[in-house]
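Chain by chain, the residues:
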Amino acid sequence: MPAPTTIGKGVEVVTGQVPINALLSMAQKCPVMGKALNSVQKKSLLHTSGKVAKQPTQPLNQASVITHRHNKNPIDEHTTAATVAALKKSQQATINGCPYHQQIANQELPLDHSIKSRTFDYETLYQHELDKKHDDKSYRYFNNINRLAQKFPKAHTQNVREEVTVWCSNDYLGMGRNQIVLETMKQTMDKYGAGAGGTRNIAGNCNLHLQLETELADLHHKPAALVFTSCYVANDATLSTLASKLPGCVIFSDAANHASMIQGIRHSGAQKKIFRHNDLTDLEEKLQSVDINIPKIIAFESIYSMSGTVGHIDAICNLAKKYGAITFLDEVHAVGMYGPRGAGVAEHLDFELNAIQPYGNNGSVLDKVDIISGTLGKAFGVVGGYIAGSSNLIDMIRSYAPGFIFTTSLPPIVVAGARASIQYLKQSSKERHLQQLNTRILKARLAELDIPVCPNPSHIVPVLVGDAEPCKIASDQLLRDHGIYVQSINYPTVAKGEERLRITPTPGHNVKMTDHLVNALETIWRKNHFKRVTNWRAEGGRAGVGNDDLYTQPIWTDKQLKIVPGSGETTDPRIIGVTA
């Protein structure tokens, strides 16, 4: 803000051009300027006290406000302009003729913070930003949902007697209430207490952390792994640290990447090139535009959480090798869910091979991926994030990433629970199988009713609504009228016009619950006249809905799920032969 100037009898001048107050104080000692100042003060300032009127704040680059220290009211702006003009004229007339003036004119003058004016209105800005969210209907409402471990997937609302069925949890396999996990955590808490005690560097590194990292490295067929407080932190810290260390690094990022990856890329300061979602041609064209000797990172996901689409892992790894890049694969929504041991989609691509040879350098796609990030807070049912890769990479991130170094580590109770969950899911596939079967049933039932589901081969069921306000209405009606909780997903999580209900079946959802959900959705679609697949197709499609060319086979095959007719594994006719 421009500094105020005291010219006479407590009167200040604010100007965005000349910090006059400090200059005047020194200029009064000048034999030439002193006389000019006295003349100006007598002519202009002794007669301004009666010319007081309130005025709105003027632009700061103008000499526009005069404030009296006693009454704090602006004085006539014409007098102000005349005063400042006279001062500038006197200053310019004498600057070359007075050695003293030349000396002080060349000095850097201190800032003056003595003006008593209004400060910035922070609360108004906060409210303005909130108003924008309300106006475009993207304001987020957090429902009070308390999941019940003994009644999964049930929860109670703020009223403990009001129970609802949760259909949108990321605890995909219900491992948050697995008895082995819970017992492990109880025993660990009794032995080691509740907290971690510090950062990994200072009192927060215990044997359980090291055991968990060994377990994760083995899961992904990598030499080493590193645990973070969340996968948001893992992605941000790893990408920002790695790219900042690679000289001249260029990052190639899928347009649909998660916010944590985008933030890490921004924090790195590296050049970035965004390629169209899952578009291998666009990616290769962008790779060709960069010298092969320049370090490059291709950052992408295995399963994109809001659409359920799947990244082209093998093909992207091949492009990376061809153009001298390394790959960073986010398996957050896939770990625990895919592969014979739950390592994710990269493991699943060579299902039979990895089932027989569950270790590195077996020739699978998993070996091609340089860096894998994952979470402990979704299918594994606890909390935390991690990366897996080469020993040198992990040690470098451990040594340089602020997001790892300067934060309290995960408590032993959490680490032990996560390790127990991973060990369990390495051996048990029944949870994965049942989750996939329930997903197939739900998708088939909704397709029969022409209710729009964004086509994808994964476990996610995105039901397209296409507008923020109706999407919130649908979510509210499900909760209020049907006792079903499905959160509405709006911008910026998804693009405007692609708002949706993101449904995630679990092994705990039975046929009765599925029937209730399908009937509730049909009731809401009829009541509100929401668009169906037929309507979207007539409009050219949106978010994949209405585009019949996007039909995809599920990642899990009938054979892998052991539901080939005649196998005896299931007798439900709605499952046998269902492929979407």
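Residues numbered from 1 in each chain as written. Predicted model: local features only at pLDDT ≥ 70, side-chain atom pairs only at ≥ 80, totals over all residues. Heavy atoms only, no water.

Another aspect to go through is empty space enclosed by the protein. Summed over the entire model, instances satisfying the criterion amount to three cavities of 30 Å³ or more. Roughly 70 Å³ of volume is contained in the largest cavity. Lining the largest cavity, in full, are Arg 200, His 209, Val 227, Phe 228, Thr 229, Gly 403, Phe 404, Thr 407, Thr 408, Ser 409 and Leu 410. Elements that contribute at least two residues to the lining of the largest cavity include exactly β7 (224–228) and α15 (402–405). (1 Å grid on protein atoms, 1.4 Å probe; cavity = no way out; pocket = protein on both sides within 12 Å on 5 of 7 lines; lining within 4 Å. Points joined across faces, edges and corners; volume = space filled by probe spheres on them. Helix = DSSP H or I, 4+ residues; strand = E, 2+ residues; numbered from the N terminus.)

Once that is clear, we can look at the environment of Asp 279. With respect to the element layout, Asp 279 can be found in the loop between β9 (271–275) and α10 (280–288). Through-space distance from the C-alpha of Asp 279 to that of Asp 254 is 8.5 Å; in sequence the pair is 25 residues apart. Here Thr 281 takes part through its backbone nitrogen, which lies 3.1 Å from a polar atom of the side chain of Asp 279. (Polar contact = N/O pair within 3.5 Å; in protein donor to acceptor, adjacent residues only side chain to side chain.)

Time to look at the pairing of β7. Taking burial as the measure, the five residues of β7 include five buried ones, the bulk of the element. Where burial is concerned, the two faces of β7 agree: the one with Ala 224, Leu 226 and Phe 228 and the one with Ala 225 and Val 227 are both buried. Both β7 and strand β13 (residues 385–389) contribute to a ladder of five bridges, which runs antiparallel. The residue bridging Ala 224 from the neighbouring strand is Gly 389, located in β13. (Buried < 20%, exposed > 50% of the residue type's maximum accessible area, 1.4 Å probe, protein only. Pairing = 2+ DSSP bridges.)

Glancing now at the side chain of Thr 439. Its location among the elements puts Thr 439 in helix α17 (residues 430–448). A polar side-chain atom of Thr 439 sits 3.0 Å from the main-chain carbonyl oxygen of Gln 435. Filtering out sequence-adjacent residues up to four positions away, Thr 439 remains in contact with Ser 458, His 459, Val 461 and Pro 505. (Contact = heavy atoms within 4.5 Å.)

In the contact formed by helix α6 (residues 179–192) and helix α16 (residues 412–427), the axes pass within 8 Å of each other and the chain directions differ by 150°. Judged on the interaxial angle alone, α16 and α6 are roughly antiparallel. Crossing of α6 over α16 shows right-handed handedness. Counted together, Ile 180, Val 181, Thr 184, Met 185, Thr 188, Met 189 and Tyr 192 of α6 and Pro 412, Ile 413, Val 414, Ala 416, Gly 417, Ala 420, Ser 421 and Tyr 424 of α16 form the full contact between these two elements. Residues belonging to the contact of α6 with α16 are distributed by class as follows: 11 nonpolar, four polar and no charged. (Axes fitted to C-alpha atoms, helices over the stretch in contact; angles between N-to-C directions. Parallel < 35°, antiparallel > 145°, perpendicular 65-115°, else oblique. Left-handed = near helix turned anticlockwise from the far one by under 90°. Nonpolar A, V, L, I, M, F, W, Y, C, P; charged D, E, K, R; others polar.)

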